[in-house]
Amino acid sequence: MRNLFKLLIIFISVLWGQQASAESVDVLSQNSQPIGKKIQYLKEGGNPLSLDRAMQLAGAGEFTTSQKTSLSFGIGSAPVWLYFEASNASTATVLQRLSIETSWLDKLSVYFVREGELVKQRFAGDTIAFSEREINNLFFVFEHDFKPGNTDVYIRIETPDPMVLPVYLNSPDEFSSRHSFMDLSYGFLYGAILSLLAYNLMLFFSLKIKHYLLYAVYLFFFMLVNMSYSGHAYPWIWPDSVVWQQWSNPVLMMLFLVSGLIFATHFLNTKFRFPRLHKTVSYTCIVYVLFEILSVIANLQVAALILSFAFVFLFSITMVLLGAVSFYGGNQSAKYFLIASVSHVVATSITAMAVWGIIPYSTLAYRAIDIGMMIDVVLLAIALADQFRISQEARLTAEKLARIDPLTGINNRRAFYEYIKPIWSIAERKNYPMSVVMIDVDKFKVINDNYGHAVGDKALIKIAKILESDARSGDILARWGGEEFILFLPDTDMNEAVSIANRFREKISKTQMTDLTNPLNLTVSIGVSYHDSATMTLDELIKVADDCLYRAKSKGRDMVCAESLGIC
């Protein structure tokens, strides 16, 4: 009975082992997807396992069959052994490329075994200079000639970084074809970011607006961190810096995240609009940077990685919060920032969860952050342009208001001088005639005292409209101050200037303020001067007109006075 029970247990174990075993990888078929579901894995529990011991454990069924296309074990995982069987049903040797397409693994040991005998072994990882890799590629790639029959492949992987393991087995041609699109897409991504970076630097140096510099720094660190985790930076920028290659991901992530928050707070002007929120973000960044520095000093790579990936989520939430608060606070440019932040949050979360092993790994999930960042940088560029447009419109409006009299809507004294300056120079050089007309509302103080200042304002507005509507297209009209108006008449001699002044006077004298209980008749006194000397300045010409004006008022008002014609 006892022997029968033992046989039953053995039978169930055999059946379970058959059910749990993975199918072999056919080297003759096209494996366009990772072969994760055909791989078995084992985490080391204590001391490092030798190849012989790993083979024994695999033979005893201690390895677990993966249920995922790409294996993922998270950050700080114990070393992992992978095992799969490759079968070649043909009679010829087949050259294949085994690739583990994660760029940040510290140590890899690859063993090819036939009939229990080791036939080839290779070592790779970020602890080895890039120049020593078997194949020049962003990922860890090994070539092997698979002879007819079955070949067992064992891979030992050790790294404190997120252990994401998409394993492929392809022919060299299939491998190159699969990577061609990836190479083109990264080329497009980096080209676009470099163009935006250069453009924003040019804007900064030409306009001296700090936002553009901070945005360029943000783009620069994104490109660096992307090149680091995608594997491009190791061969291109620091091929022999083994130590930096192991620390580049957490350090560059820190610089990218902090530079992004610095740009966001400056762009949204949170220091003045939301000071408490600004202080919270600033202090959080300082604490994060300090802990990251301590992790580097203490050589705690796992802690630095966990801290950086955790801050990615905090960064994403903070960017959305800053955008939302600013938008609802009245910053219209923040709408683009908010949309950009939401797209970045979604994309970053997908990539981070795929890398952590929270969601199944896929190429799309892994590169979601690239897609999200492209949306992000385009929208932020639009936000910067929109903010610049708003600021330019505000500046132009302010400049216009600085030249316009707020009550009457005509030019003020400043605008009068600015518009006349070029005309005066040309007229003097070519000896063109010029005249000035000074106009003063008669008994304006009495109007204010008897009818109130509101009526006085209405009187000024009515007179300004008459002057503006009757002035010629080249004439320059302005409110000189108080109840005084000035009119510059280019290419106009004294006789014509007096005629124009009388026309104004007569039209105004026929004007009544009819919306009052007692209708109010308006009159004006006018002084006219003429540029009759090559040495006469504009201020002197105005002074002569002003003197004539006061002579007209002293003579009884409602008249035109021009000294050179003997009028008055």
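Our structure is the block above this text.
In this report, the structure presented in the accompanying data block is examined. Throughout, residues of each chain are indexed from 1 in the direction in which the sequence is written. Totals for whole chains, interfaces and linings use every residue, but because this is a predicted model, local features are given only for residues with pLDDT of at least 70 and side-chain atom pairs only at 80 or more, for both listing and counting. As a rule here, side-chain values cover all heavy atoms of the structure and leave hydrogens and water aside.

**A short note on the overall build of the protein chain**
This is how the line gets drawn: Each helix corresponds to a stretch of at least 4 residues labelled H or I by DSSP, and each strand to a stretch of at least 2 residues labelled E; elements are numbered beginning at the N terminus. Atoms counted for the radius of gyration: C-alpha only. Globule rule: 2.2 Å times the number of residues to the power 0.38. Buried means the residue's accessible area, taken with a 1.4 Å probe over protein chains only, is under 20% of the maximum for its type, while exposed means over 50%, and partly exposed covers the values in between. Throughout, a residue-residue contact means that at least one pair of heavy atoms, one from each residue, lies within 4.5 Å. Note on areas: Shrake-Rupley with a 1.4 Å probe; residue coverage comes only from the protein chains shown.
When helices and strands are counted, the protein chain shows 17 helices and 19 strands. The C-alpha radius of gyration computed for the protein chain amounts to 41 Å, which surpasses the reference 24 Å derived for 568 residues by more than 25%, pointing to a less compact arrangement than a globule. Projected onto its principal axes, the C-alpha positions of the protein chain cover 140 × 55 × 45 Å. Sorting the 568 residues of the protein chain into buried and exposed places 50% on the buried side. For the protein chain, long-range pairs separated by at least 24 residues make up 73% of all intrachain contacts whose partners lie at least 6 apart in sequence. Summing over all exposed atoms, the protein chain offers an accessible surface of approximately 27500 Å²; the carbon and sulfur share of this is 60%.

**So, the sheet that holds strand E12 (residues 167-170)**
Put simply, the rule reads: Any two strands with at least two DSSP bridges between them are considered paired. Between N-to-C directions, angles span 0 to 180 degrees; the directions come from axes that are lines fitted to C-alpha atoms, helices contributing only their stretch in contact.
The strand order E9-E6-E12 describes an open sheet built from three strands, whose pairing is antiparallel. Two strands bound the open sheet, and with one partner strand each, they are strand E9 (140-146) and E12. Within the sheet, the average angular offset between the axes of one strand and its neighbour, ignoring direction, is 20 degrees. In this structure, strand E6 (residues 94-100) lies alongside E9, joined through seven bridges in antiparallel fashion. Paired with Val94 across the two strands is Phe146, which belongs to E9.

**Some words on the layout of surface pockets**
In plain terms, the rule: Site definitions follow a grid-based scheme: protein atoms alone, a 1 Å grid, a 1.4 Å probe that fits but cannot get out for cavities, and for pockets an open set with protein on both sides within 12 Å along at least five of seven lines, plus lining residues having an atom within 4 Å of a point. Grid points are joined across faces, edges and corners, and a volume is the space filled by probe spheres set on the points.
Roughly 510 Å³ of internal volume is contained in the largest pocket. Together, 22 residues line the largest pocket, and Phe181, Met182, Ser185, Thr363 and Arg367 are the ones closest to its centre. Of all the secondary-structure elements, those providing two or more residues to the lining of the largest pocket are helix H3 (172-207), helix H11 (363-366) and helix H12 (368-403). At eight residues, the largest contribution of residues to the lining of the largest pocket is made by H3.

**What to know about the pairing of strand E8 (residues 117-124)**
Across seven bridges, strand E7 (residues 107-114) lies against E8 in antiparallel orientation. When the sheet's bridge partners are listed, Phe112 is paired in E8 with Lys120. Connecting E7 to the antiparallel partner E8 that follows it, the hairpin turn spans two residues, and Glu115 within it adopts a positive phi of roughly 55 degrees.

**Considering the nonpolar core**
Counted only if it meets this: Take the buried Ala, Val, Leu, Ile, Met, Phe, Trp, Tyr and Cys residues and link them wherever side-chain atoms come within 4.5 Å; each set so joined is a nonpolar core.
Formed by 97 residues in total, the largest nonpolar core has its most connected members in Leu82, Phe84, Leu98, Ile100, Ile155, Leu165 and Leu169. Element by element, the count of residues in this core is highest for helix H4 (residues 210-230), at 13 residues. Aside from chain neighbours lying at most four places away, what touches Leu98 is Phe84, Val110, Phe112, Phe140, Val141, Phe142, Val153, Ile155, Val167, Tyr168 and Leu169. One finds Phe444, Ala459, Leu467 and Val560 within the second-largest nonpolar core, a separate group that totals 33 residues.

**Side note on helix H15 (residues 453-470)**
Note the following rule: Between the first and last residue of a helix there are one fewer steps than residues, each counted as 1.5 Å, and that sum is the expected span.
Here H15 contains 18 residues, and its C-alpha end-to-end distance of 26 Å stays within 8% of the 26 Å for a straight helix at 1.5 Å per residue. Burial in H15 covers these residues: Val455, Gly456, Ala459, Leu460, Ile463, Ala464, Ile466, Leu467 and Asp470.

**Let's talk about the environment of Lys445**
You can see Lys445 is positioned in helix H14 (residues 444-451). Residues Lys445 and Gly456, eleven residues apart in the sequence, show an inter-C-alpha distance of 8.4 Å.

**Overview of H14**
Here is the rule: Relevant arc is that of directions from the helix axis to the C-beta atoms, nothing else.
Taken together, the buried positions of H14 are occupied by Phe444, Ile447 and Asn448. Considered in projection along H14, the buried side chains sweep an arc of 95 degrees and stay on one side of the axis. Facing away from the buried side of H14 by more than 90 degrees, the exposed set consists of Lys445, Asp449 and Asn450. Of the surrounding secondary structure, the elements contacted by the buried residues of H14 are strand E13 (434-441), H15 and strand E17 (520-521). Positive backbone phi, at 100 degrees, marks Gly452, one or two positions downstream of H14.

**Digging into the sheet that holds strand E19 (residues 560-562)**
Across the sheet, which stays open at both edges, the five strands sit in the order E14-E15-E13-E18-E19 with mixed pairing between neighbours. Looking at strand neighbours, the two that pair on one side only are strand E14 (476-481) and E19, the edges of this open sheet. Direction aside, neighbouring strands of the sheet carry axes that sit 20 degrees apart on average.

**What to know about the packing of aromatic side chains**
Put simply, the rule is: Stacked, edge-to-face and tilted are the three classes for Phe, Tyr and Trp ring pairs, Trp counted by its six-membered ring, which pair at centre distances within 6.5 Å; planes under 30 degrees apart are stacked, over 60 edge-to-face, the rest tilted. Whether a charge lies above a ring is judged from NZ of Lys or CZ of Arg, which has to be within 6 Å of the ring centre and within 35 degrees of the ring normal.
On inspection of all chains with the given rule, the structure shows 27 aromatic pairs. Between the aromatic rings of Tyr417 and Trp480, the centroid separation amounts to 5.9 Å while the plane-to-plane angle is 50 degrees, which identifies the pairing as tilted. Of the two residues, Tyr417 sits in helix H13 (residues 413-430) while Trp480 sits in strand E14, which places them 63 residues apart along the sequence. Classification of Tyr417 as partly exposed rests on a relative accessible area of 31%. A relative accessible area of 11% means that Trp480 is categorised as buried. Three or more aromatic residues joined by ring pairs make a cluster, and in this case those are Tyr215, Tyr218, Phe222, Phe256, Phe263, Phe267, Phe315 and Phe337. Above the ring of Tyr186, the side-chain terminus of Arg367 is found at 3.8 Å from the ring centroid.

**Digging into the pattern of salt bridges**
We count it as follows: We count a salt bridge whenever a side-chain nitrogen from Lys or Arg sits within 4 Å of a carboxyl oxygen from Asp or Glu.
Throughout the structure, instances matching the rule amount to 21 salt bridges. Salt-bridge contacts for Arg367 lead to Asp370; the nearest nitrogen and oxygen are separated by 2.9 Å. Taking relative accessible area as the criterion, Arg367 reaches 12% and is therefore assigned buried. Among the salt bridges present, the one from Asp386 reaches Arg389, with a minimum N-O distance of 2.7 Å. Within this pair, Asp386 and its partner Arg389 are both found in helix H12, separated by three residues, close to a single helical turn.

**Details of the side chain of Ser70**
Along the chain, Ser70 turns up in the loop between strand E3 (64-65) and strand E4 (71-72). Overall, the relative accessible area of 3% leaves Ser70 in the buried class.

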